[in-house]
Amino acid sequence: MNDVAVCAPRTAQAYKSSYKPIWCPGCGDYSVLSSVTKALAMVGMPPEDVAVVSGIGCSSRIPAYTSCYGFHGVHGRSLAAATGLKVARPDLTVLVAGGDGDGYSIGGNHFLHACRRNVDLTYIVMDNHVYGMTKGQPSPTTEPDWDSKLSPGGTGLRVFHPLVIALAAGANFVARAFSGDPNGTAEILAQAIRHPGFSFVEILSPCVTFRPEQREWKHQVHPAPVAATDDPARAARRIMTDDGFNIGVLYAGDRTPYPTTTGNSKRSPADLEAEFAI
Ligand SMILES: Cc1ncc(C[n+]2csc(CCOP(=O)(O)OP(=O)(O)O)c2C)c(N)n1
Ligand code: SF4
């Protein structure tokens, strides 16, 4: 986390914008928005010192619903944009948010390298195991036997395992949360924001329109039975063998974050123009 001046305490409301979300009634992303704003209030930096960067998808609409700086960018490229922003402006706290299609499919390559670089970012994936915005195509986390009009009989493909992949690639903090537990999710997000380096929080967030059966997740999630470890091999073994519904911080490491404070972070537009003059 940055050494920002922490001013008077703010409520979660202070981090919400006046735009009303247009998600479907019952979408898990409403609760994720509430957890993000609660977490920011817990951590306490002013909204103008926070940037929320996203890709494309229902979940990627989230920056507009906060009062922080926002960038609703290109599908699958949120981590690239956020990395550039954080390196250029290390004084900002940068959150990155999006869906499983955005982050693991078209953005999969960026996900690997963001973990490896370990820039001080907090990456929030609202995982609903489907492409919601484009009407229900299977994503990398869709179960192989999920039968739908767009994937008759299921894809038959092995699922992508984001938490283990993040660990193997070098993420410094790995957690799983559930949108139906907004307070618990806010606690996890606050820890993720405070943790140095690349923090990855996978939030199970039901798409009630294309995956209505995900309403059952509230009966399946449970707290992780053991505390977070700082041993990546142990964390990987646990995550590989859990049931996919363990909620909590699963790994908190101590890798040194990518250094972002060596340059002059607050150059004027005139300085930048001069640098690129031909
Ligand atoms: C380059 C490009 N390819 C495809 C699309 C179409 N597209 C928009 S959102 C999306 C998938 C969104 O799914 P996900 O990231 O899981 O988010 P959700 O809508 O479920 O929150 C796709 C394929 C696009 N906008 N740009
Ligand atoms: S389509 Fe699914 S992910 Fe998109 S807003 Fe509706 S419920 Fe949420």
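Everything here concerns the structure above.
Residues numbered from 1 in each chain as written. Chains lettered and ligands numbered in written order. Predicted model: local features only at pLDDT ≥ 70, side-chain atom pairs only at ≥ 80, totals over all residues. Heavy atoms only, no water.

(A) How the structure looks around the pattern of salt bridges. The tally for this structure, following the rule as stated, stands at four salt bridges. The residue aspartate 91 makes a salt bridge to arginine 89 at a minimum N-O spacing of 2.7 Å. Notably, a salt bridge pairs arginine 176 with aspartate 242, separated by 3.1 Å at the nearest N-O pair. Here the residue arginine 176 occupies a position in strand E5 (residues 173-178), and aspartate 242 occupies one in the loop between helix H8 (232-241) and strand E8 (246-252), the gap between them amounting to 66 residues. Comparing arginine 176 with aspartate 242 shows no difference in burial state: the two are buried. (Salt bridge = Lys/Arg side-chain N within 4 Å of Asp/Glu carboxyl O. Helix = DSSP H or I, 4+ residues; strand = E, 2+ residues; numbered from the N terminus. Buried < 20%, exposed > 50% of the residue type's maximum accessible area, 1.4 Å probe, protein only.)

(B) Quick look at the site of ligand 1. Around ligand 1 lies a shell of 16 residues, among which Cys58, Ser59, Gly101, Asp102 and Gly132 are the nearest. Valine 130 places a main-chain nitrogen or oxygen 3.1 Å from an oxygen atom of ligand 1. Note that an oxygen atom of ligand 1 is positioned 2.9 Å from one of the backbone N or O atoms of methionine 133. Here ligand 1 loses 73% of its free accessible area of 600 Å² to cover by the protein chains. Here the shell around ligand 1 gets four residues from one element, more than from any other, and that element is helix H3 (residues 100-106). Class assignment for the residues of the shell around ligand 1 results in six nonpolar, eight polar and two charged. (Near = heavy atom within 4 Å. Polar contact = N/O pair within 3.5 Å; in protein donor to acceptor, adjacent residues only side chain to side chain. Areas by Shrake-Rupley, 256 points an atom, 1.4 Å probe, with all protein chains shown as cover. Nonpolar A, V, L, I, M, F, W, Y, C, P; charged D, E, K, R; others polar.)

(C) The sheet that holds strand E2 (residues 69-72), seen in detail. An order of E2-E1-E3-E4-E6-E5-E8-E7 is seen for the eight strands of this open sheet, with the pairing classed as mixed. Two strands close off the open sheet at either side, each with one partner strand: E2 and strand E7 (222-223). Pairing analysis gives five bridges linking strand E3 (residues 93-99) to strand E4 (residues 122-127), with the strands arranged parallel. For alanine 97, the partnering residue across the bridge sits in E4 and is isoleucine 124. Against the sheet, helix H6 (residues 182-194) contacts E3, E4, E5, strand E6 (199-204) and E8, and its axis sits at roughly 165° relative to E5. Packing against the sheet, H8 makes contact with E5 and E8, and its axis sits at approximately 160° to E8. (Pairing = 2+ DSSP bridges. Contact = heavy atoms within 4.5 Å. Axes fitted to C-alpha atoms, helices over the stretch in contact; angles between N-to-C directions.)

(D) Representation of the nonpolar core. Val36, Leu40, Ile62, Leu95, Ile124 and Val201 are the most contacted members of the largest nonpolar core, which totals 36 residues. Elements represented by at least two residues in this core include exactly helix H1 (29-43), strand E1 (50-54), E3, E4, E5, H6, E6 and E8. With seven residues, H1 is the single largest residue contributor to this core. Those residues within four positions of valine 36 in sequence are excluded, and the remaining contacts are Ile62, Leu95, Ile124 and Leu189. Of all hydrophobic cores here, the second largest spans 29 residues; its members include Leu92, Tyr104, Tyr123 and Val164. (Core = buried A, V, L, I, M, F, W, Y, C linked by side-chain atoms within 4.5 Å.)

(E) Region of the structure containing the site of ligand 2. Near ligand 2 the following residues occur: Trp23, Cys24, Cys27, Cys58, Asn128, Gly132, Cys207, Val208, Thr209 and Phe210. Among the residues forming the shell around ligand 2, the class breakdown is seven nonpolar, three polar and no charged.

(F) Quick look at the pairing of E4. Counting buried positions along E4 gives six out of six residues, so the element sits mostly inside the fold. Burial along E4 is two-sided: the face carrying Thr122, Ile124 and Met126 and the face carrying Tyr123, Val125 and Asp127 are both buried. Sheet topology places E4 next to E6; six bridges connect them, and they run parallel. In the strand pairing of E6, aspartate 127 is matched with leucine 204.

(G) Geometry of the packing of helix H4 (residues 108-117) against helix H5 (residues 162-169). Relative orientation of the contacting elements H4 and H5 amounts to 45°, with a least axis distance of 8 Å. Accordingly, the angle class assigned to the pair H4 and H5 is oblique. In this structure, H4 meets H5 at a crossing whose hand is right-handed. From H4, Phe111, Leu112, Cys115 and Arg116 reach across to H5, where they touch Pro162, Ile165, Ala166 and Ala169. (Parallel < 35°, antiparallel > 145°, perpendicular 65-115°, else oblique. Left-handed = near helix turned anticlockwise from the far one by under 90°.)

(H) A look at the packing of aromatic side chains. A complete count under the given rule lists nine aromatic pairs for this structure. Each ring, one from tryptophan 23 and one from tyrosine 30, has its centre 5.3 Å from the other, and the planes form 85°; the classification is edge-to-face. Note on tryptophan 23: relative accessible area 5%, which makes it buried. (Phe/Tyr/Trp six-rings, centres within 6.5 Å; stacked < 30°, edge-to-face > 60°.)

(I) Representation of the packing of H1 against H6. At a closest axis distance of 8 Å, the pairing of H1 and H6 adopts a crossing angle of 50°. What the angle tells us is that H1 and H6 run oblique. Handedness of the crossing formed by H1 with H6: right-handed. Where H1 approaches H6, its residues Ser31, Ser35, Val36, Lys38, Ala39, Leu40, Met42 and Val43 are matched on the opposing element by Pro182, Asn183, Thr185, Ala186, Glu187, Leu189, Ala190, Ile193 and Arg194. Looking at the contact of H1 with H6 residue by residue, the classes come out as ten nonpolar, four polar and three charged.

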